[in-house]
2 protein chains.
Amino acid sequence: MDVALHLAKRAFDAGEVPVGALILSPERYIVAQAFNQMEQLQNPTAHAELLALAQACKKLNQKRLVGYTLVVNLEPCPMCAAAAMHYRVDRIVFGAYDSKGGGTEHGACVFSHRQSLHRPEIIGGVREQESQNLIKKFFQKVRTTSCQFLP
Amino acid sequence: MDVALHLAKRAFDAGEVPVGALILSPERYIVAQAFNQMEQLQNPTAHAELLALAQACKKLNQKRLVGYTLVVNLEPCPMCAAAAMHYRVDRIVFGAYDSKGGGTEHGACVFSHRQSLHRPEIIGGVREQESQNLIKKFFQKVRTTSCQFLP
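Residues numbered from 1 in each chain as written. Chains lettered and ligands numbered in written order. Predicted model: local features only at pLDDT ≥ 70, side-chain atom pairs only at ≥ 80, totals over all residues. Heavy atoms only, no water.

The name recorded for chain A in an unreviewed UniProt entry is tRNA-specific adenosine deaminase, from Commensalibacter communis. Recorded under Sequence similarities (unreviewed entry), the UniProt text for chain A is reproduced unchanged: "Belongs to the cytidine and deoxycytidylate deaminase family." We quote the UniProt Catalytic activity (unreviewed entry) comment for chain A here in full: "adenosine(34) in tRNA + H2O + H(+) = inosine(34) in tRNA + NH4(+)". (UniProt positions renumbered as here; feature names shortened; annotations may be inferred.)

Listed below in structure tokens is the structure:
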């Protein structure tokens, strides 16, 4: 989570919503890391999780991530949660809960349906406060400087 | 839907789950089209919808698809439905309902929660039988030839 928070801070400095993600191998090595690039790539789906998952598969030259762990400082949205399902990750560890945009513990609750093709282990709330503070700080800054993140 | 089914048949011929998607502009012009490329790209998230949405934004050089329609021959999975939400498409038109993998009318029901950031109009069941037959035919073929699509 230390690395995820560091990546999130890099996102913050780049003017992105501060979310950082990494993929851990079964042996706990970092095989991929990314932070949000929605503004930089002008792509609303360029979420840290999706970028890290794709990067890991490319690097490992494999289609699935069975045995791997996704670590991210914010509860994944339904898109990223479902992507992690398609990649068959074993575990998702996240920092702050996201009652508005989250998709594992809130809203769509992607893994809580009998249709869920795969159910990774979910560990939420790891260093929750630090992540929450960072995200709060980012949106406070956005509100006082511009309206580029409004829908 | 004619074009989506044509794209789905191209996917079928390429050994991919037969799903084709396109993006229509507010004036009903096709701005992007794609079919599943999960096998070709060795990427389980290379769904027709995600590829078509990204292609449309790249082509139009814009970040969102407000006013645009996603047409696809199968009910989108939760990942693609949530991606369409992030892109802010106005409308999703799909062919066959997918009680196992679908994410708009089944399982996660991505747009049926108060957390849903954006709710496009959903029109399902358009030329449902044709799409269903194509998908059924594909999985019958897979079952008799190989097990590459098993989890």
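Teacher, can you tell me more about the pairing of strand β4 (residues 91-96) of chain A here?
Every other side chain in a regular strand lies on the same face of the sheet, so the side chains alternate between the two faces. Residues and elements named next belong to chain A. With respect to burial, β4 is a largely interior element, five of its six residues being buried. Of the pairings in the sheet, the one linking strand β3 (residues 69-74) to β4 comprises five bridges and is parallel in character. When the bridges of β4 are listed, V71 appears paired with V93. In this region the chain leaves β3, passes through helix α3 (residues 78-87) and returns to the parallel neighbour β4; the handedness of that crossover is right-handed. Pairing of β4 with strand β5 (residues 121-123) involves three bridges; the strand directions are parallel. Residue pairing in the sheet places I92 in a bridge with I122 of β5. (Buried < 20%, exposed > 50% of the residue type's maximum accessible area, 1.4 Å probe, protein only. Helix = DSSP H or I, 4+ residues; strand = E, 2+ residues; numbered from the N terminus. Pairing = 2+ DSSP bridges. Right-handed = clockwise from strand over helix to strand, strands pointing away.)

What exactly am I supposed to notice about the interface of chain B and chain A here?
How big an interface is tends to be stated in terms of accessible area lost as the parts join. Tallying the contact residues gives 27 residues for chain B and 27 residues for chain A. Summing the contributions of chain B and of chain A, the shared interface buries around 2300 Å²; its carbon and sulfur component is 63%. Where chain B meets chain A, there are two salt bridges. One salt bridge in this structure joins K63(A) and E39(B), with 2.6 Å as the shortest N-O distance. (Contact = heavy atoms within 4.5 Å. Buried area = accessible area lost by both parts, 1.4 Å probe. Salt bridge = Lys/Arg side-chain N within 4 Å of Asp/Glu carboxyl O.)

It is not clear to me how the sheet that holds strand β2 (residues 30-35) of chain B should be interpreted in this structure. Could you clarify?
Residues and elements named next belong to chain B. Pairing in this open sheet of five strands is mixed, and the strands run β2-β1-β3-β4-β5 from one edge to the other. Across the chains shown, the open sheet's two edge strands, defined by having one partner strand only, are β2 and β5 (121-123). Neighbouring strand axes in the sheet, compared pairwise and without regard to direction, differ in orientation by 15° on average. On top of the sheet, helix α2 (residues 48-60) reaches β1 (20-24), β2 and β3 (69-74); it is set at about 145° to β2, its chief contact. (Axes fitted to C-alpha atoms, helices over the stretch in contact; angles between N-to-C directions.)

Explain the sheet that holds β5(A) to me, please; I cannot follow it from the model alone.
The pairing of strands in a sheet comes from backbone hydrogen bonds and takes either a parallel or an antiparallel form. Residues and elements named next belong to chain A. Strand order in the open sheet formed by five strands is β2-β1-β3-β4-β5, and the pairing between neighbours is mixed. Edge positions in the open sheet fall to β2 (30-35) and β5, since each of these has one partner strand only. When the angles between neighbouring strand axes are averaged without regard to direction, this sheet yields 15°. Running over the sheet, helix α2 (residues 48-60) touches β1 (20-24), β2 and β3 and is turned about 145° from β2.

What's the story with the UniProt feature "domain: CMP/dCMP-type deaminase" (unreviewed entry) in chain A in this structure? I'm lost.
Using the residue numbers shown here, the UniProt feature "domain: CMP/dCMP-type deaminase" (unreviewed entry) corresponds to residues 1-105 of chain A. In residues 1-105 of chain A, the share of helix is 33% and the share of strand is 22%. The end C-alpha atoms are 19 Å apart.

How do you make sense of α3(A) when you look at a structure like this?
With 10 of its 10 residues buried, α3(A) lies for the most part within the structure. For α3(A), the set of buried residues is P78(A), M79(A), C80(A), A81(A), A82(A), A83(A), A84(A), M85(A), H86(A) and Y87(A). Buried residues belonging to α3(A) abut α2, β3 and β4 of chain A together with α3 (78-87) of chain B. Looking one or two residues beyond α3(A), the residue adopting positive phi is R88(A), at roughly 65°.

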